[in-house]
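# Survey of secondary and tertiary structure
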Amino acid sequence: MSAKNSRPARAQKVLAALRTRYPAPHTHLDAETAWQLLVATVLAAQCTDARVNTVTPELFRRWPGPADLMGVPVEELEAVIRSTGFYRSKAKNLLGAAARVCEVYDGRIPNSLEELITLPGVARKTANVVLFGAFGINEGLAVDTHVKRISYRLGLTESTDPVVIERDLMALFPREEWGDVNHRMVWFGREVCEARKPLCGQCEMAIFCPRLEPPKTPRPARRKVPPA
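A short tour of the structure in this document, coming up. (Residues numbered from 1 in each chain as written. Predicted model: local features only at pLDDT ≥ 70, side-chain atom pairs only at ≥ 80, totals over all residues. Heavy atoms only, no water.)

This part is about the layout of surface pockets. Summary: where empty space remains is shown by rolling a probe the size of a single water molecule over the atoms. If you add up the space inside the second largest pocket, you get close to 160 Å³. Forming the boundary of the second largest pocket are 15 residues, of which Cys193, Pro198, Cys200, Cys209 and Arg211 lie nearest the centre. Among the residues forming the lining of the second largest pocket, the class breakdown is 12 nonpolar, no polar and three charged. (1 Å grid on protein atoms, 1.4 Å probe; cavity = no way out; pocket = protein on both sides within 12 Å on 5 of 7 lines; lining within 4 Å. Points joined across faces, edges and corners; volume = space filled by probe spheres on them. Nonpolar A, V, L, I, M, F, W, Y, C, P; charged D, E, K, R; others polar.)

So this is what it looks like as structure tokens:
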């Protein structure tokens, strides 16, 4: 592979194109506090952000902070978040996270990855989203379905493992860009580089995109939603 077509060189072109298309990126999730962003991100696991945004207004009206959620009957919370899917697991995790935030962190959302991933339902992706969205901290690069798909198609990674993809992208993009790269790729994945029918004719990256597709894998059996 020539230096002109190397992965780092392609990453520079990708970043420039995404910056031009989305000069002021932001999350699709509606949230006013770090806690609300954490809750919305947990609910967004295997659910669209648009659906989550229809649920959170009532959720946050009734229980705006972690202390408000403590002691709420799980059935009551399940009824509010039911439409986001996997509502039993999500309700259990949110109640556990609220309790830990109040009992261990005095009601504040921790601002380190190591502490965030101790909260029920929170893994690296959610922690990265909260760290950047609430605190402006680029500790990692959140890899969701859009980032995973686009990174592979553009040849920025050869892996389908989110942990490996995150490591590959962190090596290709400047640290100060990690959070915005996630936001920009999410917007791009929804508006242009769709999963089934990418709009290559409308894409400024078509001239250098290798248009790779990840290998097909058997669809897993339905199971409880994992931490995001």
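Having put the structure on the table, let's press on.
The next thing to look at is the side chain of asparagine 53. As for its position among the elements, asparagine 53 is in helix H3 (residues 49-62). Taking relative accessible area as the criterion, asparagine 53 reaches 17% and is therefore assigned buried. Only 2.8 Å separates the side chain of asparagine 53 from the backbone oxygen of histidine 28, close enough to count as a polar contact. Sequence-distant contacts of asparagine 53, defined by excluding residues within four places in its chain, comprise His28, Leu29 and Asp30. (Helix = DSSP H or I, 4+ residues; strand = E, 2+ residues; numbered from the N terminus. Buried < 20%, exposed > 50% of the residue type's maximum accessible area, 1.4 Å probe, protein only. Polar contact = N/O pair within 3.5 Å; in protein donor to acceptor, adjacent residues only side chain to side chain. Contact = heavy atoms within 4.5 Å.)

With a phi angle near 55 degrees, glutamine 46 is a residue other than glycine that sits in the positive phi range. Considering the arrangement of structural elements, one finds glutamine 46 in the loop between helix H2 (34-43) and H3.

Our focus in this paragraph is the packing of aromatic side chains. Counting across every chain of the model gives one aromatic pair. Ring centres of tyrosine 22 and tryptophan 187 lie 6.4 Å apart, and the angle between their planes is 35 degrees; on these two criteria the pair is classed as tilted. Highlighted residues: tyrosine 22 in the loop between helix H1 (7-21) and H2 and tryptophan 187 in helix H11 (residues 178-191), separated in sequence by 165 residues. (Phe/Tyr/Trp six-rings, centres within 6.5 Å; stacked < 30°, edge-to-face > 60°.)

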